[in-house]
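Coordinate inspection notes
One letter stands for each residue in the lines below.
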Amino acid sequence: MAELKTQKNEGDVLDFINSVEDPVRRADCLALVELMQSIVQEPPAMWGSSIVGFGSYRYQYASGRGGDWFLVGFSPRKRALTLYLMGGLAELQPILKRLGRHSCGKGCLYLKRLSDHDPAVVRRLIEASVARLAPQRS
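Because the structure is predicted, anything quoted here is derived from the model rather than measured.

The rules behind the values
Residues numbered from 1 in each chain as written. Predicted model: local features only at pLDDT ≥ 70, side-chain atom pairs only at ≥ 80, totals over all residues. Heavy atoms only, no water. Helix = DSSP H or I, 4+ residues; strand = E, 2+ residues; numbered from the N terminus. Buried < 20%, exposed > 50% of the residue type's maximum accessible area, 1.4 Å probe, protein only. Pairing = 2+ DSSP bridges. Phe/Tyr/Trp six-rings, centres within 6.5 Å; stacked < 30°, edge-to-face > 60°. Contact = heavy atoms within 4.5 Å.

1. Section: unusual backbone geometry
One non-glycine residue, Gln 41, lies in the positive phi region at around 65°. Looking at where Gln 41 falls in the secondary structure, it is placed in the loop between α2 (23–40) and β2 (44–47).

In structure tokens, the structure reads:
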């Protein structure tokens, strides 16, 4: 069975964030570190080369295959700031409607700039996402 390419590692989160060229995106990353750490109550860690994750939970598929993954995380991609809200976004739709302009993938929320959004709504999204995984925390 193949192992996931993206693994938690010992990379330095602040070095990674400081390498982000766009000063606005870099500031958004620092704000997300503070916000996510306050919610999860665990320090950030690098997952792969470009994802900052917080906490961990244990997942298991019907096939029996499983592993550990971060509870919530983000990545400063070129086109958008990507927030990883595990467990999917379907249950978060009522909160997402209050967020303003954004786009979504299955478990990814894409924002151009954090400052374009109500901080209370962003916090509520992260809190709701983390709360859904509480029984699976590792």
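Having put the structure on the table, let's press on.
2. Focus: the pairing of strand β6 (residues 72–76)
Counting buried positions along β6 gives 5 out of 5 residues, so the element sits mostly inside the fold. Here β6 shows a buried face lined by Val 72, Phe 74 and Pro 76 and a second buried face lined by Gly 73 and Ser 75. As defined by bridge partners, strand β3 (residues 51–54) adjoins β6 across 3 bridges and the pair is classed as antiparallel. Each bridged residue has a counterpart across the sheet, and for Gly 53 the counterpart in β6 is Gly 73. The hairpin turn running from β6 into strand β7 (residues 81–85), its antiparallel successor, is 4 residues long.

3. Looking at the packing of aromatic side chains
A complete count under the given rule lists 5 aromatic pairs for this structure. Taking the centre distance of 5.3 Å and the plane angle of 70° together, the rings of Trp 47 and Phe 70 count as edge-to-face. Here Trp 47, found in strand β2, pairs with Phe 70, found in the loop between β5 (66–69) and β6; they are 23 residues apart in sequence, far enough to count as distant. Given a relative accessible area of 5%, Trp 47 falls into the buried group. Clustering of aromatic rings is evident, with ring pairs tying together Trp 47, Trp 69, Phe 70 and Tyr 84.

4. With respect to the side chain of Thr 82
Within the secondary structure layout, Thr 82 lies in strand β7. Filtering out sequence-adjacent residues up to four positions away, Thr 82 remains in contact with Gly 73, Phe 74, Ser 75, Arg 77, Cys 108, Leu 109 and Tyr 110.

5. Some words on the side chain of Ser 56
Here Ser 56 is to be found in the loop between β3 and β4 (57–60). Once residues within four sequence positions are removed from consideration, Ser 56 is found in contact with Trp 69, Phe 70, Leu 71, Arg 137 and Ser 138.

Everything listed here is a matter of geometry and, on its own, says nothing about what the molecule does.
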